[in-house]
Protein chains: 2
Amino acid sequence: MDYAVIMAGGSGTRLWPLSRQHRPKQALKLIGQRTMFQHAVDRILPLFPPERILVVTRNEHATLLMEQVPELPAENFILEPEGRGTAPAIGLAAIHLQRRDPSASMVVLTADHYITEAEEFRHALTAALHVAKAGQLVTLGIKPTTPSTGFGYIHHGANLGTIEGFPVFRVERFIEKPNLDTATAMMNSSEYSWNSGMFIWRVNRICEEFERQMPQFYAQLAEVATTLGTPLYEATISRIWPKVTKQTIDYGVMEGAEDVAVIPVDMGWTDVGSWGSLLTLLPADDDGNILIGSHVGIDTHNTLVVGDKRLIATIGVQGLVIVDTDDAVLVCPKEREQAVREMVDKLKQGGFNQWL
Amino acid sequence: MDYAVIMAGGSGTRLWPLSRQHRPKQALKLIGQRTMFQHAVDRILPLFPPERILVVTRNEHATLLMEQVPELPAENFILEPEGRGTAPAIGLAAIHLQRRDPSASMVVLTADHYITEAEEFRHALTAALHVAKAGQLVTLGIKPTTPSTGFGYIHHGANLGTIEGFPVFRVERFIEKPNLDTATAMMNSSEYSWNSGMFIWRVNRICEEFERQMPQFYAQLAEVATTLGTPLYEATISRIWPKVTKQTIDYGVMEGAEDVAVIPVDMGWTDVGSWGSLLTLLPADDDGNILIGSHVGIDTHNTLVVGDKRLIATIGVQGLVIVDTDDAVLVCPKEREQAVREMVDKLKQGGFNQWL
């Protein structure tokens, strides 16, 4: 059977002060009236019944996410004692699925993305599942629309054919976050996609790759797997998980994997990672402003205001991001939005735990 | 006897969102742990006992101010049903004083000023009272330290002598808020002072001027005066005051008065009218920032942060004023601080009464 696994384990530090340790990004209503996690589930419900949608998240966020999508069975929430990166999260989901159905295929998604063309997205997943069942590790590629230096890129290799209207390419090479010149060149070529972080594969294929490329982690995973469905499970994962090396699926598996295919999809995809990404997603008014909450402005342009209960008043500002929450206010020019992560680090170092 | 009259009737719109209709500027702790009104009283207590300090304020602010300085007798608070400008406020205080003591002298002060050299200020008042008793209308002049276009200026005329070490000049002319060139020329000359808005005169002298120069107002004032100390007083002032023409003491009286003298004083005077004035008053840190409340900054320079309960986090900002209160946040570059008044007007026009 086909399953979807939504990775919802991050906290989204670059969306501080709205995202917090107790209120992760995926639980926020950043776009419209649904949270990022609800959007992620909504998108795939036409393709997967709730009992075949699994969620990997951290213990402390489980209740919050369960409440947001009560139609998902509680046992479908796979809890990590702590986040160890995408490779361990995917590995953990894989052993859970393998126990349910050794021949399962899995679609790995995240709650970080916003997709305007959800139907095209579902078509692409359906095509990708066909390719995955033949043994390929499939990744969805996104046609670059800007010379972003914040994404990884995929260089398309040989065309493997067309499935349900989607061209399928062998992955020639994964390219780490490039500099601007390289990014511009790749954007202007048709041979490159952004690495979306969405993967489709058979469970047994990804487990083979873990065994071959991350043998130490695979052994740890195997130990956890022996306790699945037993009273020992919780104690075992709690003991082993802190010892698991942090690793991303890209570095840990994809870059060295065999039989990797990419399906480029044009589906209005945005990685909602930082305040700047909202600026590209939400409609601006005539002054270029995106105003959420109560705002009164004089000479205010190209500014993102995310309000809460208070009035935000701006005079003569240009290109600012202003985010107001119950207990913290952020003021930051758009072009410095990546430094929000630095701000969170600074708060950590300063021991300002109440604002983390 | 000598009396002090503190005019505390304004609301201070340029200090929004900290100053509000229900929380006027004079009731705010802008500098240190005392409110502007408390500072105003503290400064003159060595010179006037509490029973000879009167306060003119608006009905709705009376309780707040009384609580702040409980040593002032309640009957010394002279209440205006609504503000009609400085001339009517002073006229009202004058008839109250005249009833107590027809030969009284009065020192007219405001709660808008901060004075670092309070002792020099009191010396100047003492000298000015001597001059006032001889029949002069005396104003304290401030040596201009910047070519401010926001103040009125006074052109010194003939030197009338020196009293207690202070030179006294006839006022040659009052000059309205000048342009920058004129302001610069006046700053560089020793013949000009800023008009501080602090006056010293005999009550009967100022009443003569009201009678001569503002006869309509004087008649209104006389009608109120006949009811002083009677049960009719409140009804009478409530009926008459809304009909009083708004007028400043400068336009209404001083510019056309006879026997006007100025005593220039160097006493570390600041008109605390806007957020910018706090920037000149409060000590900045090494980055030029003035930070009140909780703040964490990255690359933040020359910025005024007035916090309340929340954390204010700034990244890459320069020359901003950020003021956070319970229900509103203001973000505004320093050089636009005068537009805060415009913001308050805009809120009024928009019917956003909760934030006024």
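Residue indices begin from 1 for each chain and proceed along its sequence in written order. A letter from A marks each chain and a number from 1 marks each ligand, given out in the order of writing. Two thresholds apply to this predicted model, a pLDDT of at least 70 for residue-level local features and 80 or more for giving and counting side-chain atom pairs, whereas whole-chain, interface and lining totals are computed over all residues.

Asks: Residue-level account of the overall build of chain A, with values.
Replies: The helix count covers DSSP runs of H or I at least four residues long, the strand count covers runs of E at least two residues long, and both are numbered beginning at the N terminus. From N to C terminus, chain A includes eleven helices and 15 strands. C-alpha atoms define the radius of gyration, and 2.2 Å times the number of residues to the power 0.38 defines the globule rule. Computed over the C-alpha atoms, the radius of gyration of chain A is 21 Å, within 12% of the 21 Å expected from 2.2 N^0.38 for a compact globule of 356 residues. Its C-alpha atoms give chain A principal-axis dimensions of about 60 × 50 × 35 Å. Each residue is classified by how many other C-beta atoms fall within 10 Å of its C-beta atom, where C-beta atoms are placed from the backbone; a count of 20 or more means buried, 12 or fewer means exposed, and values in between mean partly exposed. The burial tally for chain A puts 47% of its 356 residues in the buried class. Contacts are defined on C-beta atoms placed from the backbone: any two residues whose C-beta positions lie within 7 Å are in contact. Look at the contacts in chain A between residues 6 or more apart in sequence, and 64% of them connect residues 24 or more apart.

Asks: Just give me the short version of the interface of chain A and chain B, but keep the residues and values in it.
Replies: In this complex, chain A contributes 31 residues to the contact, which on the side of chain B involves 31 residues. Those elements giving two or more residues to the side of chain A that touches chain B turn out to be β12 (290-298), β13 (304-315), β14 (320-324), β15 (328-333) and α11 (340-349) of chain A. Residues are sorted three ways: Asp, Glu, Lys and Arg are charged, Ala, Val, Leu, Ile, Met, Phe, Trp, Tyr, Cys and Pro are nonpolar, and all the rest, Gly among them, are polar. Partitioned by chemical class, the residues of the side of chain A that touches chain B number 22 nonpolar, three polar and six charged. By the convention used here, strands pair only if DSSP detects at least 2 bridges between them. As judged from the four bridges shared by β13 of chain A and strand β15 (residues 328-333) of chain B, these two strands associate in the parallel manner. Residue pairing across strands places Leu311 of chain A opposite Ala328 of chain B, the latter belonging to β15 of chain B.

Asks: I'd love a proper account of the packing of helix α3 (residues 86-100) of chain B against helix α7 (residues 215-226) of chain B, names of residues and values included.
Replies: Residues and elements named next belong to chain B. Following both chains from N to C, one finds α3 and α7 inclined at 40 degrees, their axes separated by 10 Å at the closest point. As α3 packs across α7, the resulting crossing turns out to be right-handed. Between α3 and α7, the residues in contact are Ala87, Pro88, Gly91 and Ile95 and Phe217, Leu221, Val224 and Ala225, respectively. Residue composition of the contact of α3 with α7, by class: seven nonpolar, one polar and no charged. Orientation is described by axes fitted as lines to C-alpha atoms, over the contacting stretch for helices, and by angles from 0 to 180 degrees between their N-to-C directions. In this scheme the crossing of two helices becomes right-handed for a clockwise turn of the near helix relative to the far one and left-handed for an anticlockwise turn of less than a right angle.

Asks: Describe the domain arrangement of chain A, naming the residues involved and giving the relevant values.
Replies: All names here are of chain A. Domain boundaries assigned for chain A yield domain 1 (2-271) and domain 2 (275-355). Put simply, the middle of domain 1 and the middle of domain 2, counted by C-alpha atoms, are 29 Å apart. At the junction of the two partners, domain 1 supplies eleven residues and domain 2 supplies 17 residues. Of the residues belonging to the side of domain 1 that touches domain 2, the class tally is seven nonpolar, two polar and two charged. Note that domain bounds follow an automatic or database assignment of domains.

Asks: Can you lay out the relation of the copies chain A and chain B for me, pointing to particular residues and giving the numbers?
Replies: For the pair of chain copies, the relating operation is a rotation around an axis with a shift along it. With an RMSD of 0.0 Å, the operation that places chain A on chain B is a rotation of 180 degrees combined with a shift of 0.0 Å along the axis. Expressed as an axis order, the relation between the two copies is that of a two-fold axis. Residue by residue, 100% of the interface of chain A is reproduced at the interface of chain B, so both copies engage with the same surface. Superposing the copies works by least squares over the C-alpha atoms of residues that have pLDDT at least 70 in both of them.

Asks: Account for the nonpolar core, naming residues and giving values.
Replies: If you look at the biggest cluster of nonpolar residues, it comprises 218 residues, and the most contacted ones within it are Val5 of chain A together with Val5 of chain B. Those residues in contact with Val5 of chain A that sit more than four places away from it in its chain are Leu54, Val56, Ala93, Met106, Val107, Val108 and Leu109 of chain A. Put simply, a nonpolar core is a cluster of buried Ala, Val, Leu, Ile, Met, Phe, Trp, Tyr and Cys residues tied together by C-beta atoms within 7 Å.

Asks: Residue-level account of the environment of Pro333 of chain A, with values.
Replies: With respect to the helices and strands, Pro333 of chain A occurs in strand β15. Look at Pro333 of chain A and you get partly exposed, because 19 C-beta atoms sit within 10 Å. Apart from residues lying up to four places away in sequence, Pro333 of chain A is in contact with Gly319 and Leu320 of chain A together with Gly316 and Val317 of chain B.

Asks: So what about the environment of Asp259 of chain A? Which residues, and what values?
Replies: All names here are of chain A. You can see Asp259 is positioned in the loop between α9 (249-252) and β10 (260-265). Of the residues examined, Asp259 has 16 C-beta atoms within 10 Å and is grouped as partly exposed. Taking C-alpha positions, Asp259 is 54 Å from Thr314, a pair spaced 55 residues apart along the chain.

Asks: Can you break down the environment of Pro24 of chain A residue by residue, with the values?
Replies: Residues and elements named next belong to chain A. Position of Pro24 among the secondary structure elements: in the loop between β1 (2-7) and α1 (36-44). Note: C-alpha distance between Pro24 and Ser11 (13 residues apart in sequence) is 4.3 Å. Discounting residues that sit within four places of it in the chain, Pro24 has contacts with Gly10, Ser11, Gly12, Ser19 and His61.

Asks: Describe in detail the packing of α3 of chain B against helix α6 (residues 203-213) of chain B, supporting the description with residues and values.
Replies: Residues and elements named next belong to chain B. Where α3 meets α6, the axes come as close as 10 Å, and the angle between the chain directions of the two elements is 135 degrees. In terms of axis orientation, α3 runs oblique to α6. Considering only the axes of α3 and α6, their crossing is left-handed. On α6, the residues touching Ile90, Gly91, Ala94, Leu97 and Gln98 of α3 are Val203, Ile206, Cys207 and Phe210. For the contact of α3 with α6, the per-class residue count stands at seven nonpolar, two polar and no charged. Our angle categories are set so that under 35 degrees counts as roughly parallel, over 145 as roughly antiparallel, 65 to 115 as roughly perpendicular, and the remainder as oblique.

Asks: How would you summarise the pairing of strand β7 (residues 153-163) of chain A if you had to cite specific residues and measurements?
Replies: Residues and elements named next belong to chain A. As paired strands, β7 and strand β8 (residues 166-175) are joined by eight bridges and run antiparallel to one another. Bridged to His155 within β8 is Arg173. Taking the residues between adjacent antiparallel strands as the criterion, β7 and β8 are bridged by two residues, where Glu164 takes a positive phi near 50 degrees.

Asks: Which residues make up the confidence of the model for chain A, and what are the values?
Replies: If pLDDT is low for a region, its predicted coordinates should not be looked at in detail. Residue-level confidence of the predictor, termed pLDDT, takes values from 0 up to 100. On average, residues of chain A score 94 in pLDDT, and 100% of them reach the 70 mark or higher. In the model of chain A, helix α10 (residues 275-281) of chain A stands out as the element of lowest mean pLDDT, 85, in contrast to helix α7 (residues 215-226) of chain A, which has the highest, 98.

Asks: Kindly report on the pairing of strand β8 (residues 166-175) of chain B, identifying the contributing residues and their values.
Replies: Across two bridges, the pairing between β8 of chain B and strand β10 (residues 260-265) of chain B is antiparallel. Within β10 of chain B, the residue paired with Phe169 of chain B across the bridge is Val262 of chain B.

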